[in-house]
Amino acid sequence: MKDICDLFSLLWYSDIKKEILEDFVLLPKTKIQQCQNSITKEEFEKAGQQLGHTTAEMKRVIELVK
């Protein structure tokens, strides 16, 4: 859950835009998708509670990294 919170916070509180992210992501898109798919709804919910964001918002922001 800490990793989810960290990633969300970096994306949420920085000025990094989706187009810029594409230039800095070093993992293959398939690996990123596998990692995102491995996050359960419960993990998104717990992380969202910790940060004061909805599950949908947590998922939306994390999915910016593709």
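Report on the accompanying structure. (Residues numbered from 1 in each chain as written. Predicted model: local features only at pLDDT ≥ 70, side-chain atom pairs only at ≥ 80, totals over all residues. Heavy atoms only, no water.)

### Concerning the environment of Met 1
Argument step 1. By the secondary structure assignment, Met 1 is in the segment before helix H1 (2-12).
Argument step 2. Each C-alpha atom, one on Met 1 and one on Lys 46, is 7.3 Å from the other, the two residues being 45 residues apart in sequence.
Argument step 3. Sequence-distant contacts of Met 1, defined by excluding residues within four places in its chain, comprise Glu 43, Lys 46, Ala 47 and Gln 50. (Helix = DSSP H or I, 4+ residues; strand = E, 2+ residues; numbered from the N terminus. Contact = heavy atoms within 4.5 Å.)

### As for helix H5 (residues 55-62)
Since the α-helix turns once every 3.6 residues, residues separated by three or four places project in the same direction.
Argument step 1. Of all the positions in H5, only Met 58, Val 61 and Ile 62 are classed as buried. Axial view of H5: buried residues confined to an arc of 100°, hence all on one face.
Argument step 2. In this structure, the buried residues of H5 make contact with H1, helix H3 (29-38) and helix H4 (41-51). (Buried < 20%, exposed > 50% of the residue type's maximum accessible area, 1.4 Å probe, protein only. Arc of directions from axis to C-beta.)

### A short note on the nonpolar core
Argument step 1. Counting residues in hydrophobic clusters, the biggest one holds twelve residues: Ile 4, Cys 5, Phe 8, Leu 11, Ile 32, Ile 39, Phe 44, Ala 47, Met 58, Val 61, Ile 62 and Val 65.
Argument step 2. Counting residues per element, this core draws most heavily on H1, which supplies four residues.
Argument step 3. Dropping the residues within four chain positions of it, Phe 8 is found in contact with Leu 51, His 53, Glu 57, Met 58, Val 61 and Ile 62. (Core = buried A, V, L, I, M, F, W, Y, C linked by side-chain atoms within 4.5 Å.)

### Description of the packing of H1 against H5
Argument step 1. In contact at an axis separation of 9 Å, H1 and H5 are set at 75° when each is read in the N-to-C sense. Classified by the angle between their axes, H1 and H5 sit roughly perpendicular to one another. Residues Ile 4, Leu 7, Phe 8, Leu 11 and Trp 12 of H1 lie in contact with H5, whose contacting residues are Glu 57, Met 58, Arg 60, Val 61 and Ile 62.
Argument step 2. Looking at the contact of H1 with H5 residue by residue, the classes come out as eight nonpolar, no polar and two charged. (Axes fitted to C-alpha atoms, helices over the stretch in contact; angles between N-to-C directions. Parallel < 35°, antiparallel > 145°, perpendicular 65-115°, else oblique. Nonpolar A, V, L, I, M, F, W, Y, C, P; charged D, E, K, R; others polar.)

### Focus: the environment of Glu 43
Argument step 1. You can see Glu 43 is positioned in helix H4.
Argument step 2. Spatially, the C-alpha atom of Glu 43 lies 9.8 Å from that of Cys 5, the residues being 38 residues apart in sequence.
Argument step 3. Once you skip the residues sitting within four places of it in the chain, Glu 43 turns out to touch Met 1, Ile 4 and Ser 38.

In short, shape yes, function no, at least from these values alone.
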